[in-house]
Amino acid sequence: MPRLSGHNATPPPQSLPIDVYRRCIPAMDGTRSDDRACDDVKLLNPTRPLERFWERLAAARERLLILDYDGTLAPFTAHRDDATLYPGVAPLLLDLQRQGTRIAFVTGRPAEELARRLPLSAVEIFGAHGQEYRAASGTLTRTPLTLQAGTWLHEAAERIAAHGFERALERKHGTVAIHWRREDQDGQARLAALASELAQELPGDLQGLAFDGGYEFRARGRDKGTAIAELSARHPQALMAYLGDDLTDEDAFAALPQDGLAVLVRAEPRPSRAHLWLRPPDELREFLGAWITAAQ
Ligand SMILES: [Mg+2]
């Protein structure tokens, strides 16, 4: 069985609502919430061997590797258009696909935009946090929006743009994201204030969510978790793993089938539902290589 020097973990209790994980993320200065519920949130711990997953993978008739893109396979950049795969990842993905592992993506980006960035063809992509589905054939379907949600999102984006922050906006089907990673401190504070002002006025069918480097308003009912549930339904025989870095990926970790492997890819660990923590890019490449070895 392949070796992997990642940080294995005992899965934390699956019964905690995702909001608890959001609340319990340590603050930027490292301070932890004194909320009692956070006592039940475990950081990943290095006690569970991965051997069994590799054994099951070797025996599996179908294998499905589901990937987030930004922050997981591609490092964050000040300009989102500059985000490209970590060196050495593209050939590993191509090898995996050639070997028969099915690869799918679940991303916050629009599905078509991600498809253009990938070195792979014939992959399924859930875009805009599950609001879009691009089949392996390239056919795109979108979850219909209510008129109220569509109008609110449009007007929220216009308001942010009117404050001079068009560059921070990402308008997607069913979502508007505000990225403040490349703003200075003053810009970040102004955008955060605008986001919290807008959050007070949200209609019921939309929700506001923080992510790494910004804030997002999006239609309820679809998220990375519903995307994973759909992939599981489409590929019921497949043994699957999901790799992600962000808070929105916690929905995906929680939605994996019992025998699935949830992997947090991130420079630093944090409270998470993931089973395994990998520090990119070395451990990420090692994981993909180990998958190829196990599936031979
Ligand atoms: Mg990400």
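The rules behind each value
- Residues numbered from 1 in each chain as written.
- Predicted model: local features only at pLDDT ≥ 70, side-chain atom pairs only at ≥ 80, totals over all residues.
- Helix = DSSP H or I, 4+ residues; strand = E, 2+ residues; numbered from the N terminus.
- Buried ≥ 20, exposed ≤ 12 C-beta atoms within 10 Å, placed from the backbone.
- Contact = placed C-beta atoms within 7 Å.
- Expected span 1.5 Å × (residues − 1).
- Arc of directions from axis to C-beta.
- Pairing = 2+ DSSP bridges.
- Right-handed = clockwise from strand over helix to strand, strands pointing away.
- Axes fitted to C-alpha atoms, helices over the stretch in contact; angles between N-to-C directions.
- pLDDT = per-residue confidence, 0-100.
- Parallel < 35°, antiparallel > 145°, perpendicular 65-115°, else oblique.
- Left-handed = near helix turned anticlockwise from the far one by under 90°.
- Nonpolar A, V, L, I, M, F, W, Y, C, P; charged D, E, K, R; others polar.

Peer 1: Got a sec to walk through the overall build of the protein chain? Specific residues and values, please.
Peer 2: Looking only at helices and strands, the protein chain features nine helices and 13 strands. Here the protein chain holds 296 residues, and the buried ones make up 41% of them. Once local pairs closer than 6 in sequence are excluded, the contacts in the protein chain between residues at least 24 apart make up 61%.

Peer 1: Can you break down helix H9 (residues 282–294) residue by residue, with the values?
Peer 2: Taking 1.5 Å per residue, 13 residues should reach 18 Å; H9 reaches 18 Å between its end C-alpha atoms and fits that length. Burial in H9 covers these residues: Leu284, Phe287, Leu288, Ala290, Trp291 and Ala294. Projected onto a plane normal to the axis of H9, the buried residues spread over an arc of 160° and lie on a single side. On the buried face of H9, the contacting elements are helix H2 (51–59), strand S2 (62–67), helix H3 (89–99), strand S12 (261–265) and strand S13 (276–278).

Peer 1: Before we move on, could you go through the pairing of strand S4 (residues 124–127) and cite the residues and values that matter?
Peer 2: Burial along S4 is two-sided: the residues Glu124 and Phe126 and Ile125 and Gly127 are all buried. As defined by bridge partners, strand S3 (residues 102–106) adjoins S4 across three bridges and the pair is classed as parallel. Bridging from a neighbouring strand, Phe105 pairs with Ile125 of S4. In terms of handedness, the path from S3 via helix H4 (residues 111–117) over to S4 forms a crossover that is right-handed. Of the pairings in the sheet, the one linking S4 to strand S5 (residues 132–134) comprises three bridges and is antiparallel in character.

Peer 1: Could you give an account of the environment of Arg102, with specific residues and numbers?
Peer 2: Within the element layout of this structure, Arg102 appears in strand S3. Since 20 C-beta atoms lie within 10 Å of it, Arg102 is described here as buried. C-alpha of Arg102 to C-alpha of His235: the two residues are 133 residues apart in sequence and 9.7 Å apart in space. Dropping the residues within four chain positions of it, Arg102 is found in contact with Arg63, Leu64, His235 and Ala238.

Peer 1: Go over the sheet that holds strand S9 (residues 206–211) with me, naming the residues and quoting the values.
Peer 2: The four strands lie next to each other as S7-S8-S10-S9, forming an open sheet whose pairing is antiparallel. Edge positions in the sheet fall to strand S7 (169–172) and S9, since each has one partner strand and no second. This sheet shows a mean twist of 15° between the axes of neighbouring strands, independent of strand direction. In the sheet, S9 pairs with strand S10 (residues 214–219) via six bridges, with the strands oriented antiparallel. Counted as the bridge partner of Leu206 is Ala219 from S10.

Peer 1: Break down unusual backbone geometry for me, citing the residues and quoting the values.
Peer 2: The linkage connecting Pro280 with the following residue, Pro281, adopts the cis geometry, with an omega of 0°. Looking at where Pro281 falls in the secondary structure, it is placed in the loop between S13 and H9. Even without being glycine, Ala128 reaches a positive phi, approximately 45°. Within the element layout of this structure, Ala128 appears in the loop between S4 and S5. The residue His129 is not glycine, and still its phi comes out positive at about 55°.

Peer 1: Summarise the confidence of the model for the protein chain; cite the residues concerned and give the values.
Peer 2: Looking at the protein chain, the pLDDT average stands at 86 and 83% of residues meet or exceed 70. Overall, residues 8–16 carries pLDDT values under 50, and its contacts beyond four positions in sequence, including any with other chains, amount to 26 contacts.

Peer 1: Describe the packing of H3 against H9, naming the residues involved and giving the relevant values.
Peer 2: In the contact formed by H3 and H9, the axes pass within 10 Å of each other and the chain directions differ by 20°. What the angle tells us is that H3 and H9 run roughly parallel. Between H3 and H9 lies a crossing whose hand is left-handed. Within the contact between the two elements, H3 uses Val89, Leu92, Asp95, Leu96 and Gln99 and H9 uses Leu284, Arg285, Leu288, Gly289, Trp291 and Ile292. Grouping the amino acids of the contact of H3 with H9 by side-chain chemistry returns seven nonpolar, two polar and two charged.

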